[in-house]
Amino acid sequence: MSKVLMKGNEAIGEAAIRAGCLNYFAYPITPQSEVAEYLSRRMPEVGGVFLQGESEVAVSYMIFGAAACGERVFTTSSSPGISLMSEGVSYIVGAQCPAVFVNIMRGGPGLGGILPSQADYLQATKGIGHGDCRLLVMVPASVQEAVEMVMMAFPLAEKYRNPVMILGDGLIGQMMEPVTFPDHLKTPPSNKNDWATNGMDTRKSKTRNLVKSLYLDPEALNAHNLRLKAKYDRMREEEIRYETYNTDTDYQILIVSYGTMSRVCQSAIDTLKAKKIEVALVRPQNVFPFPEQAVLEAASKSSCRHVLSVEMSMGQMIEDIQRSVQGKRPVHWYGKCGGDVPTPEEVMEAVEKLIPA
Amino acid sequence: MAISTSTATANLNKITPRFDGIVVIVGAFGSGKTEVAVNLAALSREAGSEVWIADLDLVNPYFRTREARVPLTRMGIGVVLPPEIYLHADLPILTPLVAGAIRRTEGLVILDVGGNDVGATVLASLADAFHASSLEKRPFHVLFVMNPFRPFTGTLSGCMKMRKSIERASKLAITGIIGNANLMEETRAEDIEEGYRFVRAFSEKSRLPLEMITIPYPLLKQTDITHFSCPVLSIQRQLVPPWKKPAGFHFDRKSDS
């Protein structure tokens, strides 16, 4: 298929359809409402369903219900809406159901503002719900990458029987870029017959499937949590994804940055190169699991003096970077989270402050 | 912001869009209304007109005319916006200054409207101002921006549906078409040609005149514009993500080569 010009939010909706997801439940919130706007037109065209819940809490349980039946299902929201969904997310994790959650982040805390932000990093990677609850978290940096990640997210959610989150900042949802969609998505067949409550007629087994997150017996609950932990450990083994930029130089500074913020950093790195200042970038594509080894290796290069986390939050990624770097280099932070995205010039200034005159 | 004061070449002059009175810019979400509106405003101002531009986008949270207010104001264009403290509010604020601008008796007033029927609904509430303007016999244009590389407007029937829904919501009849076929920086010369054929076909089907097409400024020099039946507006992108620089406004073709 040839290129089309799409807003990130529209492209995310279309990508879900192309991934074979025909169930979309959501509640509108800026800056992601265009997903609902788009899918309210597109879902009927492809025989799918868009249903607006009465709240995000309701939506999270609509997702749970559809996922428990083995249906591909997803939702989109923005920061305050994701907070409301977090109870349902924990139930879905506990019940081991696959689903895709998209968070197009806006400024917080509370109502915050409607402009871009990356301040839900800790929520997404460490605190998305109560209990030992983790999501695989993917962070696209372009509209095209958002499309690819949404299409990967459904099979990954099924592989792990665990929700996957696409964590994009407001710009990912709102900006327009040319995109191409693969004509056919070849995903592995769903394993739903092994666990979903999709009726006895559809499978050979006589055993009924039961979907639940309640384990009153302490030993059973512990065993259940060990099974979940084994899945998170497997994600750490198999789902590390990142890109590097300018790492083949004798850089003094290593930037770690993700999402659209990393594109600002790339722009700054190019300009600094012209000024004979080499800076490298590690861009995590997944932030849970975090590319610890890649960051450690890049920071350990003998020319590297400092590591700088550049993010649209007050330094939420720093702890992951420090843990990765293991004290070998000092880790600094630069960022803004009021809604103004730092400019390449501001990033350059933050970098230059770290370089001795 | 390099603003050249020299005049365009004679060839370009003939095919440069010229508007007076009220120009209402409508179209589908993401069809490029704002870039068209700000570039038309800048071009008209450069040609010596008094120009006002009003940001009527009540539905889009980012990438609105208000983000280009600095270069526009610097050129001497009147930019009509909601009060500063509400610039980033997620609220449908329609300042009374818009009705005031529409009632102006001279110069060019461009209204940059939000996308789809939802965005065009605001126009219905300006009916009184439009009526007052018509009593002054001010030229009145409602121009439909089309980009066939966007979802829902890639077919003639899709565009027809969009046109009707916008007319219904705005309670205004569209008077002409602006062909804005583009894939942003990835636009190629053949996309311009393909887009031109598409909007010509729509013009015939809808019986709406093709008022102009747009060409991204970097492509302008390599495009043979003499075979187009309508004026050409070059688009210099002002609303860009933070890792890119807005193009600014350049008007002298020669000085740029």
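Residues numbered from 1 in each chain as written. Chains lettered and ligands numbered in written order. Predicted model: local features only at pLDDT ≥ 70, side-chain atom pairs only at ≥ 80, totals over all residues. Heavy atoms only, no water.

> Please provide a residue-by-residue account of the nonpolar core, values included.
In this structure, F74, L254 and V347 of chain A together with I110 of chain B are the most contacted members of the largest nonpolar core, which totals 145 residues. Looking at this core element by element, the count peaks at 11 residues for helix α6 (residues 143–160) of chain A. When sequence neighbours within four positions are dropped, the list of residues in contact with L254 of chain A reads A280, L281, V282, V295, A298, A299, C304, H306, V307 and L308 of chain A. (Core = buried A, V, L, I, M, F, W, Y, C linked by side-chain atoms within 4.5 Å. Buried < 20%, exposed > 50% of the residue type's maximum accessible area, 1.4 Å probe, protein only. Helix = DSSP H or I, 4+ residues; strand = E, 2+ residues; numbered from the N terminus. Contact = heavy atoms within 4.5 Å.)

> Summarise the pattern of salt bridges; cite the residues concerned and give the values.
One pass over the structure, following the stated rule, counts 30 salt bridges over all chains. Residues R18 of chain A and E14 of chain A are paired through a salt bridge, measuring 2.7 Å at the closest nitrogen-oxygen approach. Note that R18 of chain A and E14 of chain A are positioned in helix α1 (residues 8–18) at a spacing of four residues, about one turn of the helix. In this structure, the salt-bridge partner of R188 of chain B is D191 of chain B, at a minimum N-O distance of 2.8 Å. A relative accessible area of 44% means that R188 of chain B is categorised as partly exposed. (Salt bridge = Lys/Arg side-chain N within 4 Å of Asp/Glu carboxyl O.)

> Lay out the side chain of E311 of chain A in plain terms, naming residues and giving numbers.
Residue and element names in this part refer to chain A. Note on placement: E311 falls in strand β13 (residues 306–311). Despite being buried, E311 has no salt bridge partner; K126 is the closest side chain of opposite charge, sitting 10 Å away. For E311, the side chain forms a polar contact with the side chain of S309, separated by 2.8 Å. Only 2.9 Å separates the side chain of E311 from the side chain of S313, close enough to count as a polar contact. Residue contacts for E311: discarding those within four places in its chain leaves Q118, M261, Q316, M317, I318, W333, Y334, G335 and K336. (Lys, Arg positive; Asp, Glu negative; His and termini not counted. Polar contact = N/O pair within 3.5 Å; in protein donor to acceptor, adjacent residues only side chain to side chain.)

> For the sheet that holds strand β9 (residues 242–245) of chain A, give the residues involved together with the corresponding values.
To summarise the sheet geometry, strands pair through backbone hydrogen bonds and adopt either a parallel or an antiparallel arrangement. All names here are of chain A. Across the sheet, five strands lie side by side as β9-β11-β10-β13-β14; this open sheet has mixed pairing. Only two strands of the sheet have a single neighbouring strand rather than two, namely β9 and β14 (331–335). With strand direction ignored, the average angle separating the axes of adjacent strands in the sheet is 20°. On top of the sheet, helix α11 (residues 318–325) reaches β10 (253–256), β13 and β14; it is set at about 155° to β14, its chief contact. Of the strands in this sheet, β10, β11 (279–284), β13 and β14 are in contact with helix α12 (residues 344–354), which crosses β13 at around 160°. (Pairing = 2+ DSSP bridges. Axes fitted to C-alpha atoms, helices over the stretch in contact; angles between N-to-C directions.)

> Residue-level account of the domain arrangement of chain A, with values.
Residues and elements named next belong to chain A. Split into domains, chain A comes out as domain 1 (4–198 + 225–238) and domain 2 (242–354). Domain 1 and domain 2 are separated by 27 Å when their C-alpha centres are compared. Three residues stand out in domain 1 for area buried against domain 2, namely Q118, Y121 and V139, and they jointly supply 31% of the buried area on that side. The tally of links between domain 1 and domain 2 comes to three salt bridges. Taking the shortest distance from any N to any O, the salt bridge between K126 and D320 comes out at 2.6 Å. On the surface where domain 1 and domain 2 come into contact, there are 15 residue pairs in polar contact (both at pLDDT 80 or more). If you list the elements that add at least two residues to the side of domain 1 that touches domain 2, you get α5 (121–125), β6 (136–138), α6, α7 (170–174) and α8 (218–238). (Domains from an automatic or database assignment. Buried area = accessible area lost by both parts, 1.4 Å probe.)

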